[in-house]
Amino acid sequence: MSEEKNLIEGRTGKWEIILGLEVHAQVISEAKLFSGASTTFGADPNSQVSLVDAAFPGMLPVINKRCVEQAVRTGLGLKAEINLKSVFDRKNYFYADLPAGYQISQYTQPIVGKGTITLDMPDGSKRHVGITRLHLEQDAGKSLHDQHPTKSYIDLNRSGIALMEIVSEPDMRSAEEAAAYLKKLRSILRYLGTCDGNMEEGSMRCDVNVSVRKLGDPLGTRCEIKNVNSIRYVQQAIEYEARRQVEIIEDGGTIRQETRLYDPGKGETRSMRSKEHAHDYRYFPDPDLLPLVLDPNWVSEIKATLPELPDEKRARFVSQYGLSDYDAGVLVGEKETAEYYEAVAKGRDAKLAANWVSSELFGQLNKAGKWITDSPVSAEALGGLIDLIADNTISGRIAKDVFAAMFETGKPAKQIVEEKGLRQVTDTGAIDAAIDDIMAKNADKVAEYRGGKDKLLGFFVGQVMKATGGKANPALLNERLKAKLAG
Amino acid sequence: MSSALPPSELTGLTIAGALDGLAKREFSAVELAQAHLKAMEKHRDLNAYVVETPDKALAMAKASDERRAKGEALGALEGVPLAIKDLFCTDGVQTTAGSHILEGFKPPYESTVTANLWQAGAVMLGKVNMDEFAMGSSNLTSHFGGVTNPWRRKGDNKRLVPGGSSGGSASAVAARMALAATGTDTGGSIRQPAAFTGIVGIKPTYGRCSRWGIVAFASSLDQAGPMARSVKDCAIMLGAMAGHDPKDSTSVDLPVPDYTRALTGDVRGLRVGIPKEYRLDGMSAEIEKLWAQGAEWLKKAGAEIKEISLPHTKYALPTYYIIAPAEASSNLARYDGVRFGLRVPGESLDDMYEKTRAEGFGKEVRRRIMIGTYVLSAGYYDAYYLKAQKLRALIARDFETAFRDVDVILTPSTPSAAFAEGENTDDPVQMYLNDVFTVTVNLAGLPGISVPAGLNAEGLPLGLQLIGRAFDEETLFRVGGVLESSASFTAKPAGY
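Keep in mind it's a predicted model, so treat the numbers as computed, not measured. (Residues numbered from 1 in each chain as written. Chains lettered and ligands numbered in written order. Predicted model: local features only at pLDDT ≥ 70, side-chain atom pairs only at ≥ 80, totals over all residues. Heavy atoms only, no water.)

## Notes on the side chain of A:Asp263
For clarity, the cut-off: Helix numbering and strand numbering both begin at the N terminus, where a helix is a DSSP run of H or I of at least 4 residues and a strand a DSSP run of E of at least 2. Between two residues, a contact is recorded if the distance between any of their heavy atoms is within 4.5 Å.
Secondary-structure assignment places A:Asp263 in strand 13 (residues 259-263). Beyond its immediate chain neighbours, meaning those up to four positions away, A:Asp263 contacts A:Glu268 and A:Arg270.

What follows is the structure, encoded as structure tokens:
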């Protein structure tokens, strides 16, 4: 059931958007799914192609155990059923970048069955999206159509690399939910170390199934938007496509089930030039491969090595560090961030650490366009800064300037404080002298204060702080000032 | 050094005899190879060889002689010259599968089976002709022309077919142009040509020999095996070919026994099944007589003959002619003109595919691709492919049940002797009937051997088939040896 805000207002009433996602996630492994060839991204064209990948006569596929392990690990991370017996099928079609004329995939018996992903919506609510299945399959090569005026070039480096196709139930109701799904899935995959989730390099690709219906009606005809390569584009494509479908239906038309492409330049989806021949993939079990049978003990061993996943980590951050659910969510989104945070928080004020990581550090990183693993301020260094606040060496306000300098120079907090002479003044004599000086210069205001104008305290604090270059310990300053003004 | 034996006697040896002669230094491997190269040259009219590799043969033979001279460890086929079916990829030597689409293709790799043979010291004479992509029972579908059977009918000089698809292998071995040859058998392609040419051929259990580097026809049925002039020679050669290969997921990790030790000649107490469903309507009296004779020989040697039932036999041919083309239609998709072999330029990618495949594949291959594509298509899959898979399981179960009561099954190898081109070769269905006794074995993944057992009235060889339990090739060699000695088949094609 959709929330009101997610419905599309049409001329004839309100429409609900129904979304299901198919994500192709490239498995992190040294070698391809059925050959020993390397999987490194960005190598010279056709330099990572074995005779199996190029489908030479008589070549046979042999399953790469590491890829199976990664699929099982992912299935366990998605809290899904692991099918101890699964079958590889051939999906037959002709294309120049598909050397064998078929792709080895899993059709009726995938390695992973039903599972769930919990979405964390920006408003703090949670939604559960069903996973229908996960199966292993080979990637195709790449056709390069822009290298020559009349010819296409084929690069088979990608041919045979293992993909996990992760299919969701049609459980999402808005572009925002689809985005949250992709972010959460990517986060889980990265935590598991089974896919790097890099949509720009194509190691995670998304097909979006979109349909619309009036509330309470049966599911409408869906269109599949193929190969959308960023979360932002997924959202844009959904918004556009849902409105397009509503308009067609409200104009008395019907939706044709078809495959569409999203054009980010024009912000629209359009029908992929439909080939005259509809694809009939003629799936059948690959006779070169025996059914894949998993030892339940091996699955248990993999399960025992699963890392703490984002949902569990988030719950632990709330209970262990006393963080709000929202703050914990921000910190666990990426495994590296969570690790960074825990290193900072260790032995320190956990909430203060959380604030520093999620506001100052994230702010500076965003501004610099840097990833946490490239942060010029290490967790240890940030911890050192927080220690200086804790032992009253510097104030929180000064600390922000120190942090900016640390980010800029990579120097430790202590060094910056010393070099710039930012150490807090805790010497009562020096503070008293400054207070006396200010009071002497502003005798009229002192009189007013003493006459009952308490609000002038702020004025005196500001003046004394200015006179001490901001280094006076605020608590001490307050205490001394109040005493002196009181006469 | 000149050999103690004239060349004609060298080519007439068995593998066992040649190994013995080589060991006794009666002749060298080079002399043995030279004698065969000469015979190959002499009988080129049979069109058995597609590619002759004399330089390679002599170099390998020389290396073998050197190993022997130095007293190095010798392989099981040390110095034995062999013909290799053109379905096996051979490093740097053209491999075509009998097809125009692969004409000129020289693989940069060696199939596991041939690599095993070379490892065992064997010498390669050349690549032998075959039905295109192993699809045929006459060798008439080869792009490189049909192969002639060295046998002739009495008083008739009409050229006969050697059977297929391993027709070149059969003809080369029968005509003394190789001591033995590799074959492959998807529905009878070793056993039927062996029967047609009076030699022995065994299709081992599926998974016994690696399929790596063998051009695929129907992956779940294809299996390599030896073709030779005696049961013992097949036993020696299979021992060298077989074994587990991590590169073939369907190859089985079981030790390879010394098959020659199975040839004890003792079949006392062995239970031999005679499947009643193999007694076809209109079966020739000659075949029926030979079959009864075979049973009689085994009985005389102390075996027990039992009638058995394999009730789903009648579905075997239609089942085979759905599954094999289905797999072939997918396996042959890679011949698309993009990476190797023939390319006929076209206006577009699809046009190039169509032109290349139309020109590159022969009629029978195109027919089977069409059948296979059809039976896997949406809407037909359940009615054809799925049903065929179910029948395949039932056929396998028939054998399992039968092997509770018997140790080996005896049948004819083929429903007739070799035929001439033009005789029953125009109607594909008639042609497919050649496989009636052999396809069940492939569908069930079992081992089967054909042993020459007699001549028909026209003087042409006929074979008997033995079918065994999975991975029990030893019983086939044991019983085959008894059939061989009982039949004392010594006939040779005239002039070879």
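Now that the structure is up, let's keep going.
## Some details on the packing of aromatic side chains
The geometry of an aromatic ring pair is captured by the separation of the ring centres together with the interplanar angle, meaning the angle of the planes. To keep things clear, this is the line we draw: Aromatic pairs are defined between Phe, Tyr and Trp rings, using the six-membered ring for Trp, whenever the two ring centres lie within 6.5 Å; interplanar angles under 30 degrees are classed as stacked, those over 60 as edge-to-face, and all others as tilted. Buried means the residue's accessible area, taken with a 1.4 Å probe over protein chains only, is under 20% of the maximum for its type, while exposed means over 50%, and partly exposed covers the values in between. Only Lys NZ and Arg CZ are tested; either one counts as a charge over a ring when it is within 6 Å of the ring centre and within 35 degrees of the ring normal.
In total, this model carries 33 aromatic pairs over all chains according to the counting rule given. Ring centres of A:Phe56 and B:Phe340 lie 4.8 Å apart, and the angle between their planes is 55°; this geometry places the pair in the tilted category. With A:Phe56 in the loop between strand 2 (14-26) and helix 1 (65-77) and B:Phe340 in the loop between helix 10 (316-331) and helix 11 (349-360), this residue pair bridges two chains. Residue B:Phe340 is classed as buried on the basis of its relative accessible area of 9%. When the ring of B:Phe196 is compared with that of B:Phe419, the centres are 5.7 Å apart and the planes differ by 90°; the resulting orientation is edge-to-face. One end of the pair, B:Phe196, is in helix 7 (residues 191-196); the other, B:Phe419, is in the loop between strand 9 (408-412) and helix 14 (428-432), and 223 residues separate them in sequence. Under the relative-accessibility criterion, B:Phe196 is labelled buried at 1%. B:Phe419 sits in the buried class, given a relative accessible area of 3%. Of note, A:Arg90 hangs over the ring of A:Tyr102, and the distance from its end group to the ring centre comes to 4.0 Å. Over the aromatic face of A:Tyr281 sits the side chain of A:Lys91, whose NZ or CZ is 4.4 Å from the ring centroid.

## Some thoughts on the layout of surface pockets
All names here are of chain A. For clarity, the cut-off: The distinction between a cavity and a pocket rests on a 1 Å grid over the protein atoms alone: a 1.4 Å probe fits inside a cavity but cannot get out, while a pocket stays open yet meets protein on both sides within 12 Å along at least five of seven lines, and a residue with an atom within 4 Å of a point counts as lining. Grid points are joined across faces, edges and corners, and a volume is the space filled by probe spheres set on the points.
In this model, the second largest pocket occupies a volume close to 1,000 Å³. Along the wall of the second largest pocket there are 30 residues; nearest its centre are Lys183, Gly329, Val330, Gly333 and Glu334. For the lining of the second largest pocket, the secondary structure elements donating two or more residues are helix 2 (175-192), helix 3 (231-250), helix 5 (310-321), helix 6 (325-332) and helix 8 (350-368). For the lining of the second largest pocket, the leading source of residues is helix 2, giving 8 residues.

## Description of the nonpolar core
Note the threshold: By convention a nonpolar core is built from buried Ala, Val, Leu, Ile, Met, Phe, Trp, Tyr and Cys residues, the set being connected through side-chain atoms within 4.5 Å.
Ranked by size, the top nonpolar core spans 167 residues in total, and within it B:Tyr49, B:Leu77, B:Leu117, B:Phe133, B:Phe399, B:Leu410 and B:Phe477 carry the most contacts. The residues contacting B:Phe477, other than those within four sequence positions of it, are B:Ile202, B:Val231, B:Cys234, B:Ala235, B:Leu238, B:Tyr259, B:Ala262, B:Leu263 and B:Ile449. In this structure, A:Val23, A:Ile111, A:Leu136 and A:Leu323 belong to the second largest nonpolar core, which totals 109 residues.

## Some words on the sheet that holds strand 15 (residues 284-285) of chain A
Stated formally: Strand pairing is assigned whenever DSSP detects at least two bridges linking the two strands. To define axes, lines are fitted to C-alpha atoms, for helices over the stretch in contact only, and angles between the resulting N-to-C directions are given on a 0 to 180 degree scale.
The sheet built from 3 strands is open, its strands ordered 5-4-15 (chain A) with antiparallel pairing. Looking at the sheet topology across the chains shown, the edges are occupied by strand 5 (102-105) and strand 15 of chain A. Together, strand 4 (89-92), strand 5 and strand 15 of chain A form the strand contacts of helix 10 of chain B, whose direction differs from that of strand 4 of chain A by roughly 60°.

## A word on the pairing of strand 6 (residues 115-120) of chain A
Residue and element names in this part refer to chain A. Of the pairings in the sheet, the one linking strand 6 to strand 7 (residues 126-138) comprises 6 bridges and is antiparallel in character. Each residue of the ladder has a partner; that of Asp120, found in strand 7, is Lys126. Once strand 6 ends, the chain turns through 5 residues before running back antiparallel as strand 7, passing Gly124 with a positive phi of about 90°.

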